[in-house]
Amino acid sequence: MTLATTALAVAPFALAETPVPLESASEYTLPFVGPGTYLIFGIVLLPVYAMVAAWFLGDPSDRTAGLLGVGYLAGLTTALWGGLFVATVIIGVLFF
């Protein structure tokens with residue numbers, strides 16, 4: 001067996017030994033804050049941030065339409081998060 005094939009055979013095991021930061025790790029002080037939180041709110045939602053900024057900073061800008069759009073986004077987000085919260089509570093009561 002050559003050195004290259006040995007390195008390829010051992011590589012997956014070397015990656016498995018690296019520590020993965022978890023939400024319960026001591027380096028995270030806020031609840032529900034983990035690596036995925038920064039990924040979603042920092043990178044995935046970047047086009048949404050740009051869209052909202054364009055509503056107010058773009059040309060032509062319409063303050064009423066921009067506020068209506070922000071209201072729709074807030075309403076949809078509240079409905080989704082609220083529905084998920086209610087479903088989680090129901091599941092917790094039924095099964096735990």
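Residues numbered from 1 in each chain as written. Predicted model: local features only at pLDDT ≥ 70, side-chain atom pairs only at ≥ 80, totals over all residues. Heavy atoms only, no water.

Some remarks on the overall build of the chain
Rules: By definition, any uninterrupted DSSP run of H or I lasting at least four residues is a helix, any uninterrupted run of E lasting at least two residues is a strand, and each is numbered from the N terminus. Accessible area is worked out with a 1.4 Å probe on protein chains only. A residue is then buried under 20% of its type maximum, exposed over 50%, and partly exposed in between. Only the protein chains shown count as cover for residues, with accessible areas throughout obtained via the Shrake-Rupley method and a probe of 1.4 Å.
Check the secondary structure of the chain and you find four helices and zero strands. The buried share of the chain, taken over its 96 residues, is 5%. Of the accessible surface of the chain, which amounts to about 8,300 Å², a share of 77% is contributed by carbon and sulfur atoms.

Brief notes about the confidence of the model for the chain
Put simply, the test is: For every residue, the predictor reports its confidence as pLDDT, a number between 0 and 100.
Overall, the predicted model of the chain reaches an average pLDDT of 79, with 67% of residues at or above 70. Across the chain, element-level confidence peaks in helix α4 (residues 63-95) with a mean pLDDT of 94 and bottoms out in helix α1 (residues 3-16) with 53.

Details of a nonpolar patch on the surface
Quick note on the threshold: The patches reported here contain residues having more than 30% relative accessible area and no salt bridge. Joining distances are 9 Å for like charges and 5 Å for nonpolar side chains (Val, Leu, Ile, Met, Phe, Trp, Tyr). Just to be clear on terms, a salt bridge is a Lys or Arg side-chain nitrogen sitting within 4 Å of an Asp or Glu carboxyl oxygen.
On the surface, L39, I40, F41, I43, V44, L46, V48, Y49, M51, L80 and W81 cluster together to form a nonpolar patch covering roughly 1,100 Å² of accessible area. Residue assignment for the nonpolar patch shows that the elements contributing at least two residues are α2 (35-44), α3 (46-57) and α4. At five residues, α2 tops the list of elements feeding residues into the nonpolar patch. Looking at the secondary structure, you find L39 in helix α2. Residue classification places L39 among the partly exposed positions, given a relative accessible area of 45%.

Focus on unusual backbone geometry
With an omega of 0°, the peptide bond between D59 and P60 qualifies as cis. Along the chain, the position of P60 falls in the loop between α3 and α4.

Structural notes on the packing of α3 against α4
The cut-off we apply is this: Each axis is a line fitted through C-alpha atoms, and for a helix only the stretch in contact is used; angles between axes span 0 to 180 degrees, taken between their N-to-C directions. Put simply, angles under 35 degrees are roughly parallel, angles over 145 are roughly antiparallel, angles from 65 to 115 are roughly perpendicular, and the rest are oblique. Should any heavy atoms of two residues lie within 4.5 Å, those residues are considered in contact.
Relative to each other, α3 and α4 sit at 155°, their axes nearing to 8 Å. Between α3 and α4, the interaxial angle falls into the category roughly antiparallel. Contact with α3, carried on its side by V48, M51, V52, W55 and F56, involves R63, G66, L67, G69, V70 and L73 of α4 and no other residues of that element.

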